[in-house]
Amino acid sequence: MSKILMVLTSHDRLGDTGRKTGFWLEEFAAPYYVFKDAGAQIVVASPKGGQPPIDPKSDEAGNQTPAMARFKEDRDAQSVLAATVRLVAVDARDFDTVFYSGGHGPMWDLVEDRTSISLIEDFYNAGKPVAAVCHAPAVFHHVTHNGQPIVKGKRVTGFANSEEEAVQLTKVVPFLVEDDLKALGGRYEKADDWASFSIVDGRLITGQNPASSTAAAHSLLHLLENEYELSNA
(Lines give C-alpha, C1' and ligand atoms only; values in the text may rest on other atoms or scores of the structure.)
Protein backbone atom coordinates (compact mmCIF):
# COMPACT_ATOMS: atom_id res chain seq x y z
CA MET A 1 0.00 0.00 0.00
CA SER A 2 1.41 3.36 -1.05
CA LYS A 3 1.58 6.13 1.52
CA ILE A 4 0.94 9.51 -0.06
CA LEU A 5 1.38 12.97 1.44
CA MET A 6 -0.89 15.69 0.08
CA VAL A 7 0.09 19.30 0.80
CA LEU A 8 -2.32 22.25 0.81
CA THR A 9 -1.89 25.97 1.40
CA SER A 10 -2.83 27.77 4.62
CA HIS A 11 -2.95 31.19 2.93
CA ASP A 12 -6.36 32.80 2.43
CA ARG A 13 -5.69 36.36 1.20
CA LEU A 14 -5.56 37.15 -2.53
CA GLY A 15 -2.75 39.69 -2.50
CA ASP A 16 -3.98 43.19 -1.72
CA THR A 17 -7.39 42.73 -3.35
CA GLY A 18 -9.28 42.17 -0.11
CA ARG A 19 -10.63 38.95 -1.60
CA LYS A 20 -10.24 35.43 -0.27
CA THR A 21 -8.20 32.64 -1.81
CA GLY A 22 -6.84 29.27 -0.67
CA PHE A 23 -6.61 25.90 -2.36
CA TRP A 24 -8.77 24.91 -5.34
CA LEU A 25 -11.24 22.30 -4.14
CA GLU A 26 -11.13 20.15 -7.29
CA GLU A 27 -7.35 19.97 -7.01
CA PHE A 28 -7.71 18.32 -3.63
CA ALA A 29 -10.85 16.26 -4.16
CA ALA A 30 -10.00 14.68 -7.51
CA PRO A 31 -6.49 13.44 -6.56
CA TYR A 32 -7.69 12.43 -3.10
CA TYR A 33 -10.22 10.03 -4.58
CA VAL A 34 -7.81 8.74 -7.23
CA PHE A 35 -5.44 7.81 -4.41
CA LYS A 36 -8.14 6.56 -2.05
CA ASP A 37 -9.78 4.36 -4.67
CA ALA A 38 -6.37 2.84 -5.43
CA GLY A 39 -6.06 1.81 -1.78
CA ALA A 40 -3.38 4.34 -0.87
CA GLN A 41 -2.89 5.63 2.65
CA ILE A 42 -3.25 9.43 2.56
CA VAL A 43 -2.03 12.08 4.97
CA VAL A 44 -2.94 15.72 4.30
CA ALA A 45 -0.71 18.51 5.60
CA SER A 46 -0.58 22.30 5.51
CA PRO A 47 1.77 24.92 6.98
CA LYS A 48 -0.58 25.86 9.82
CA GLY A 49 -2.41 22.55 10.19
CA GLY A 50 -6.12 22.23 10.80
CA GLN A 51 -8.73 23.28 8.23
CA PRO A 52 -7.03 24.92 5.24
CA PRO A 53 -8.87 27.67 3.36
CA ILE A 54 -10.91 26.66 0.31
CA ASP A 55 -10.82 29.24 -2.47
CA PRO A 56 -14.46 30.38 -2.61
CA LYS A 57 -14.32 30.71 -6.39
CA SER A 58 -13.46 27.03 -6.68
CA ASP A 59 -16.81 26.14 -5.11
CA GLU A 60 -18.96 28.32 -7.36
CA ALA A 61 -21.78 26.68 -9.29
CA GLY A 62 -19.92 26.69 -12.60
CA ASN A 63 -16.88 24.94 -11.16
CA GLN A 64 -18.57 21.88 -9.65
CA THR A 65 -17.15 18.45 -10.54
CA PRO A 66 -18.07 14.85 -9.66
CA ALA A 67 -15.15 14.63 -7.24
CA MET A 68 -16.34 17.75 -5.43
CA ALA A 69 -19.87 16.38 -5.21
CA ARG A 70 -18.49 13.16 -3.76
CA PHE A 71 -16.43 15.10 -1.23
CA LYS A 72 -19.49 17.01 -0.02
CA GLU A 73 -21.20 13.71 0.83
CA ASP A 74 -18.08 12.20 2.43
CA ARG A 75 -17.85 13.03 6.13
CA ASP A 76 -14.64 11.04 6.52
CA ALA A 77 -12.89 13.08 3.83
CA GLN A 78 -14.24 16.29 5.34
CA SER A 79 -12.80 15.25 8.70
CA VAL A 80 -9.42 14.58 7.11
CA LEU A 81 -9.44 18.02 5.54
CA ALA A 82 -10.52 19.71 8.77
CA ALA A 83 -7.58 18.21 10.65
CA THR A 84 -4.57 18.52 8.37
CA VAL A 85 -1.27 17.93 10.11
CA ARG A 86 1.28 20.72 10.39
CA LEU A 87 3.93 20.55 7.71
CA VAL A 88 6.75 20.78 10.25
CA ALA A 89 5.59 17.47 11.74
CA VAL A 90 6.02 15.61 8.45
CA ASP A 91 9.01 13.43 7.56
CA ALA A 92 9.56 12.46 3.93
CA ARG A 93 10.92 9.10 5.07
CA ASP A 94 7.41 8.13 6.15
CA PHE A 95 5.93 8.49 2.66
CA ASP A 96 6.36 7.17 -0.86
CA THR A 97 5.53 10.44 -2.60
CA VAL A 98 4.11 13.95 -2.22
CA PHE A 99 1.36 15.72 -4.17
CA TYR A 100 0.90 19.50 -4.03
CA SER A 101 -2.58 20.84 -4.83
CA GLY A 102 -2.88 24.32 -6.30
CA GLY A 103 -5.11 27.31 -6.03
CA HIS A 104 -3.55 30.75 -5.70
CA GLY A 105 -2.78 30.38 -1.98
CA PRO A 106 0.47 28.39 -2.39
CA MET A 107 2.06 31.30 -4.24
CA TRP A 108 2.16 33.28 -1.01
CA ASP A 109 3.01 30.69 1.65
CA LEU A 110 4.35 27.41 0.25
CA VAL A 111 6.64 29.06 -2.29
CA GLU A 112 8.66 30.65 0.52
CA ASP A 113 8.10 27.99 3.19
CA ARG A 114 11.49 26.57 4.19
CA THR A 115 9.90 23.41 5.56
CA SER A 116 8.14 22.78 2.25
CA ILE A 117 11.28 23.48 0.23
CA SER A 118 13.33 21.07 2.31
CA LEU A 119 10.58 18.47 2.21
CA ILE A 120 10.44 18.46 -1.59
CA GLU A 121 14.22 18.14 -1.73
CA ASP A 122 14.11 15.26 0.75
CA PHE A 123 11.57 13.39 -1.37
CA TYR A 124 13.40 14.01 -4.60
CA ASN A 125 16.86 13.22 -3.25
CA ALA A 126 15.49 9.93 -1.91
CA GLY A 127 14.39 8.93 -5.40
CA LYS A 128 10.70 9.51 -4.71
CA PRO A 129 8.34 11.17 -7.20
CA VAL A 130 7.04 14.68 -6.59
CA ALA A 131 3.82 16.03 -8.13
CA ALA A 132 2.24 19.49 -8.32
CA VAL A 133 -0.75 20.80 -10.22
CA CYS A 134 -1.95 24.19 -11.53
CA HIS A 135 -0.39 26.96 -9.36
CA ALA A 136 1.38 24.42 -7.17
CA PRO A 137 4.42 24.05 -9.49
CA ALA A 138 5.26 27.50 -8.14
CA VAL A 139 6.43 25.70 -4.99
CA PHE A 140 9.51 24.60 -6.96
CA HIS A 141 10.69 28.24 -7.10
CA HIS A 142 13.46 27.76 -4.51
CA VAL A 143 13.82 23.96 -4.71
CA THR A 144 17.15 22.62 -5.95
CA HIS A 145 18.65 19.27 -6.87
CA ASN A 146 22.40 18.85 -7.21
CA GLY A 147 22.80 22.61 -6.90
CA GLN A 148 20.43 23.43 -9.77
CA PRO A 149 16.72 24.29 -9.89
CA ILE A 150 14.74 21.06 -9.66
CA VAL A 151 12.90 21.90 -12.89
CA LYS A 152 16.00 22.77 -14.91
CA GLY A 153 16.04 20.77 -18.13
CA LYS A 154 12.77 19.06 -17.23
CA ARG A 155 9.58 19.06 -19.26
CA VAL A 156 7.07 20.83 -17.02
CA THR A 157 3.70 22.52 -17.07
CA GLY A 158 1.64 24.68 -14.73
CA PHE A 159 -0.97 27.42 -14.82
CA ALA A 160 -0.47 29.20 -18.14
CA ASN A 161 0.00 32.95 -18.54
CA SER A 162 -3.09 32.98 -20.75
CA GLU A 163 -5.12 31.28 -18.02
CA GLU A 164 -3.94 33.78 -15.41
CA GLU A 165 -4.87 36.58 -17.77
CA ALA A 166 -8.31 35.04 -18.27
CA VAL A 167 -9.00 35.18 -14.52
CA GLN A 168 -7.58 38.73 -14.42
CA LEU A 169 -4.98 38.05 -11.74
CA THR A 170 -1.80 38.62 -13.74
CA LYS A 171 -0.97 41.73 -11.73
CA VAL A 172 -2.09 40.26 -8.39
CA VAL A 173 0.05 37.11 -8.09
CA PRO A 174 3.67 37.43 -6.93
CA PHE A 175 4.83 35.99 -10.26
CA LEU A 176 3.47 34.01 -13.19
CA VAL A 177 3.89 30.24 -12.94
CA GLU A 178 4.66 29.78 -16.63
CA ASP A 179 7.27 32.56 -16.67
CA ASP A 180 8.91 31.29 -13.51
CA LEU A 181 9.22 27.69 -14.69
CA LYS A 182 10.86 28.97 -17.88
CA ALA A 183 13.20 31.29 -15.95
CA LEU A 184 14.32 28.35 -13.81
CA GLY A 185 15.31 26.42 -16.93
CA GLY A 186 12.21 24.25 -17.19
CA ARG A 187 11.05 23.17 -20.64
CA TYR A 188 7.54 24.54 -20.25
CA GLU A 189 4.69 23.08 -22.28
CA LYS A 190 0.95 23.70 -22.25
CA ALA A 191 -2.26 22.56 -23.88
CA ASP A 192 -5.30 24.71 -24.63
CA ASP A 193 -6.51 26.83 -21.74
CA TRP A 194 -8.49 24.79 -19.20
CA ALA A 195 -7.80 21.47 -20.99
CA SER A 196 -6.47 18.49 -19.03
CA PHE A 197 -2.71 18.28 -19.51
CA SER A 198 -0.04 16.69 -17.33
CA ILE A 199 3.60 15.85 -17.87
CA VAL A 200 5.86 13.20 -16.37
CA ASP A 201 9.59 13.78 -16.70
CA GLY A 202 11.60 11.38 -14.62
CA ARG A 203 10.04 11.55 -11.19
CA LEU A 204 8.68 15.08 -11.58
CA ILE A 205 4.97 15.31 -12.38
CA THR A 206 3.18 18.56 -13.18
CA GLY A 207 -0.39 19.44 -14.22
CA GLN A 208 -1.46 22.60 -16.02
CA ASN A 209 -4.74 23.55 -14.35
CA PRO A 210 -7.62 22.22 -12.22
CA ALA A 211 -8.81 19.95 -15.02
CA SER A 212 -5.40 18.28 -14.96
CA SER A 213 -5.66 17.13 -11.35
CA THR A 214 -7.02 13.67 -12.12
CA ALA A 215 -4.49 12.99 -14.88
CA ALA A 216 -1.59 14.10 -12.70
CA ALA A 217 -2.77 11.89 -9.84
CA HIS A 218 -3.07 8.86 -12.13
CA SER A 219 0.42 9.55 -13.49
CA LEU A 220 1.78 9.62 -9.97
CA LEU A 221 0.13 6.31 -9.13
CA HIS A 222 1.57 4.80 -12.30
CA LEU A 223 5.08 5.74 -11.19
CA LEU A 224 4.50 4.25 -7.76
CA GLU A 225 3.02 1.07 -9.16
CA ASN A 226 6.05 0.60 -11.38
CA GLU A 227 8.40 1.09 -8.41
CA TYR A 228 10.09 4.06 -9.97
CA GLU A 229 13.72 4.36 -8.87
CA LEU A 230 16.27 7.13 -8.83
CA SER A 231 18.43 5.36 -11.38
CA ASN A 232 15.69 5.76 -13.99
CA ALA A 233 15.54 9.57 -13.71
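Owing to the predicted nature of the structure, the values given are computational and were not obtained by experimental measurement. (Residues numbered from 1 in each chain as written. Predicted model: local features only at pLDDT ≥ 70, side-chain atom pairs only at ≥ 80, totals over all residues. Heavy atoms only, no water.)

(A) Representation of helix α1 (residues 25–37) in the model. In this model α1 runs 18 Å from its N-terminal to its C-terminal C-alpha over 13 residues, within 8% of the 18 Å that 1.5 Å per residue would give. Most of α1 sits inside the fold, with eleven of its 13 residues counted as buried. Among the residues making up α1, those that are buried are Leu25, Glu26, Glu27, Phe28, Ala29, Ala30, Pro31, Tyr32, Tyr33, Val34 and Phe35. The first or second residue beyond α1 is Gly39, which carries a positive phi of 85 degrees. (Helix = DSSP H or I, 4+ residues; strand = E, 2+ residues; numbered from the N terminus. Expected span 1.5 Å × (residues − 1). Buried < 20%, exposed > 50% of the residue type's maximum accessible area, 1.4 Å probe, protein only.)

(B) Structural context of the confidence of the model for the protein chain. When the pLDDT values of the protein chain are averaged, the result is 96; 97% of them are 70 or greater. Note on residues 228–232: pLDDT is under 50 here. Beyond four places in sequence and across chains, it has nine contacts. (pLDDT = per-residue confidence, 0-100. Contact = heavy atoms within 4.5 Å.)

(C) Seen up close, the side chain of Ser219. Looking at the element boundaries, Ser219 is found in helix α7 (residues 213–225). The class for Ser219 is buried, based on a relative accessible area of 17%. If sequence neighbours within four positions are ignored, Ser219 has contacts with Ser198, Val200 and Ile205.

(D) Structural context of the pattern of salt bridges. Summed over the entire model, instances satisfying the criterion amount to eight salt bridges. A salt bridge links Arg155 to Glu189; the nearest nitrogen and oxygen atoms lie 2.6 Å apart. Here Arg155, found in strand β8 (residues 155–156), pairs with Glu189, found in the loop between β9 (187–188) and β10 (198–201); they are 34 residues apart in sequence, far enough to count as distant. With a relative accessible area of 28%, Arg155 lands in the partly exposed category. Glu189 sits in the partly exposed class, given a relative accessible area of 25%. (Salt bridge = Lys/Arg side-chain N within 4 Å of Asp/Glu carboxyl O.)

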